[in-house]
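Single-letter residue listing:
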Amino acid sequence: MNTENVTFLDHPLIQHKISMLRDENTGTNEFRKLVEEIATLMGYEALRDLPLEDVEVKTPIETCMTPMIAGKKLAIVPILRAGLGMVNGITSLVPTAKVGHIGLCRNEETHEPEEYYCKLPNPIEQRTIVVCDPMLATGGSAVAAVDFIKERHGKNIKFMCIIAAPEGIDRLMKAHPDIQLYVGHLDRCLNDDAYICPGLGDAGDRIFGTK
Ligand code: PRP
Ligand code: URA
């Protein structure tokens, strides 16, 4: 597994909240809140290299030059549906971020993604792009999403997932070795239905209360 551009976020708060997510007794309301909180904690780490610029601010004492985030150049791109659950967690850190959407759904037999929607901020090439999806399983959806973004000239791409299987990390980093991948927890493997083990089940269904 090529882990050169992969960051495993081992913060105890992230690990604790992921364990709560996994519990089959965690209901929709709590699940949604946890996904949002984890996205905020992961975003804090994933955005630590955002560029700063010094701006002039007048304090009650004196005027000084002090650093602020340079420009408003972030795009958040959730992979529908489950990625939507992470968006508010990241916009709570960067409220001015633009949000694009990529609609992908795994075919239940082939486990390969099928596209049904793509709308991204335009132009996107100058932006830092944070793609989010709670689950990186076979990696098919992640690779397809990054393909779409690159076709539209996106360059500086970060991918945030809460739980990843080794198979997914391998496939994504082979296809797109230039992106930065942030992983909440690395799980053991995929089962015959391409679900992550131990995982948390179907993230979309658990966020939206479907099934
Ligand atoms: C899930 C998940 C990822 C994808 C991961 O979405 O949210 O997008 O599967 O699997 P992969 O790595 O094997 O491609 P799903 O297709 O179930 O759609 P949903 O979010 O609408 O439920
Ligand atoms: N999608 C999910 O929601 N969960 C998995 O375990 C795999 C793909």
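Overview of the structure. Note on numbering: residues in each chain are counted from 1, in written sequence order. Each chain gets a letter, beginning with A, and each ligand a number, beginning with 1, in the order they are written. Local features are withheld for residues below a pLDDT of 70 in this predicted model, meaning they are given only at 70 or higher, and side-chain atom pairs are given and counted only at 80 or more; totals for whole chains, interfaces and linings count all residues. Working from all heavy atoms in the structure, the side-chain values ignore hydrogens and water.

## Regarding the nonpolar core
1) Next: The term nonpolar core refers to a set of buried residues drawn from Ala, Val, Leu, Ile, Met, Phe, Trp, Tyr and Cys, joined through side-chain atoms within 4.5 Å. Exposure is judged per residue with a 1.4 Å probe applied to protein chains only, and the accessible area is read against the type maximum: over 50% gives exposed, under 20% gives buried, and values in between give partly exposed. Ranked by internal contacts, the top residues of the largest apolar core, which has 35 residues, are Leu 21, Met 42, Leu 74, Ile 90, Met 160 and Ile 162.
2) Next: By the criteria applied, helices consist of DSSP H or I runs no shorter than four residues and strands consist of E runs no shorter than two, each listed in order from the N terminus. Of all the elements in the fold, those that place two or more residues in this core are α1 (12–22), α2 (28–46), β4 (74–80), α3 (84–91), β8 (128–132), β10 (156–164) and α6 (203–208).
3) Next: Membership of the second largest hydrophobic core comes to 29 residues, among which are Val 6, Ala 75, Leu 104 and Ile 179.

## Things to note about helix α4 (residues 140–151)
1) Next: How far a helix is expected to stretch is found by multiplying one less than its residue total by 1.5 Å. Here α4 is 12 residues long and its end C-alpha atoms lie 16 Å apart, about the 16 Å a rise of 1.5 Å per residue gives.
2) Next: With 9 of 12 residues buried, α4 lies mostly within the body of the structure.
3) Next: In the segment just after α4, His 153 is the residue with positive phi, at about 75°.

## Quick look at the site of ligand 2
1) Next: Surrounding ligand 2, one finds Arg 106, Met 135, Ala 137, Ala 194, Tyr 195, Ile 196, Gly 201, Asp 202 and Ala 203.
2) Next: Measuring from an oxygen atom of ligand 2, one finds a backbone N or O atom of Ile 196 at 2.8 Å.
3) Next: Counting of polar contacts relies on pairs of N or O atoms within 3.5 Å, with two restrictions inside protein: one atom must be capable of donating a hydrogen and the other of accepting it, and residues adjacent in sequence are counted only when both atoms are side-chain atoms. Measuring from an oxygen atom of ligand 2, one finds a backbone N or O atom of Ala 203 at 2.8 Å.
4) Next: For ligand 2, the accessible surface in isolation is 240 Å², of which the surrounding protein chains cover 88%.
5) Next: Whether a set of points on the 1 Å grid over the protein atoms alone is a cavity depends on a 1.4 Å probe fitting there but being unable to get out, while an open set qualifies as a pocket with protein on both sides within 12 Å along at least five of seven lines; lining residues are those with an atom within 4 Å of a point. Put plainly, a molecule is in a cavity or pocket when over half of its atoms are within 2 Å of the grid points there. More than half of the atoms of ligand 2 fall within 2 Å of the grid points belonging to the largest pocket. Any residue with a heavy atom lying within 4 Å of a molecule or strand is counted as near it. In short, Shrake-Rupley with a 1.4 Å probe defines the accessible areas, and a residue's cover is counted only from the protein chains shown.

## As for the site of ligand 1
1) Next: With respect to spatial proximity, 17 residues lie near ligand 1, and among them Arg 106, Asp 133, Thr 138, Gly 139 and Ser 141 are the closest.
2) Next: Between ligand 1 and the protein, one listed contact pairs an oxygen atom with a side-chain N or O atom of Arg 81 at 2.9 Å.
3) Next: Across the complex, the protein chains shield 92% of the 500 Å² of accessible surface that ligand 1 would expose by itself.
4) Next: When atoms are counted within 2 Å of each cavity's grid points, the one that captures over half of ligand 1 is the largest pocket.
5) Next: Put simply, the parts of the chain that give the shell around ligand 1 at least two residues each are β4, β6 (101–106), β9 (135–136) and α4.
6) Next: Broken down by class, the residue content of the shell around ligand 1 amounts to 8 nonpolar, 5 polar and 4 charged. Only Asp, Glu, Lys and Arg are considered charged in this grouping, and only Ala, Val, Leu, Ile, Met, Phe, Trp, Tyr, Cys and Pro are considered nonpolar; every other residue, Gly among them, is considered polar.

## Considerations on the packing of α1 against α2
1) Next: Fitted lines through C-alpha atoms serve as axes, helices being fitted only where they are in contact, and the angles separating the N-to-C directions of these axes extend from 0 to 180 degrees. As a packed pair, α1 and α2 sit with axes 10 Å apart at the nearest point and diverge in direction by 155°. Taken together, the axes of α1 and α2 are roughly antiparallel relative to one another. Note that α1 runs across α2; the crossing there is left-handed. For the pair α1 and α2, contact is made by Leu 13, Ile 14, Lys 17, Ile 18, Met 20 and Leu 21 and by Glu 30, Phe 31, Leu 34, Val 35, Glu 37, Ile 38, Leu 41 and Met 42, respectively. An angle counts as roughly parallel when it lies under 35 degrees, as roughly antiparallel when it exceeds 145, as roughly perpendicular when it falls between 65 and 115, and as oblique in every other case. The sense of a crossing depends on the near helix, which, turned anticlockwise from the far helix by less than a right angle, makes the crossing left-handed and, turned clockwise, makes it right-handed. Residue contacts follow a heavy-atom distance rule, with two residues in contact if any of their heavy atoms lie within 4.5 Å.

## With respect to a nonpolar patch on the surface
1) Next: Residues enter a patch when their relative accessible area is above 30% and they make no salt bridge; the linking distance is 9 Å between like charges and 5 Å between nonpolar side chains (Val, Leu, Ile, Met, Phe, Trp, Tyr). Salt-bridge detection follows one rule: a side-chain nitrogen of Lys or Arg within 4 Å of a carboxyl oxygen of Asp or Glu. A surface patch of nonpolar side chains, about 260 Å² in accessible area, is lined by Met 1, Phe 8 and Leu 186.
2) Next: Here Met 1 lies in the segment before β1 (6–8).
3) Next: Owing to a relative accessible area of 48%, Met 1 belongs among the partly exposed residues under this scheme.

## Some words on the pairing of strand β3 (residues 63–69)
1) Next: Sheet topology places strand β2 (residues 52–58) next to β3; 7 bridges connect them, and they run antiparallel. From the neighbouring strand, Val 57 faces β3, where its bridge partner is Cys 64. When DSSP finds two or more bridges between a pair of strands, those strands are recorded as paired.

Honestly, that's just the spatial picture; any functional story needs more than this.
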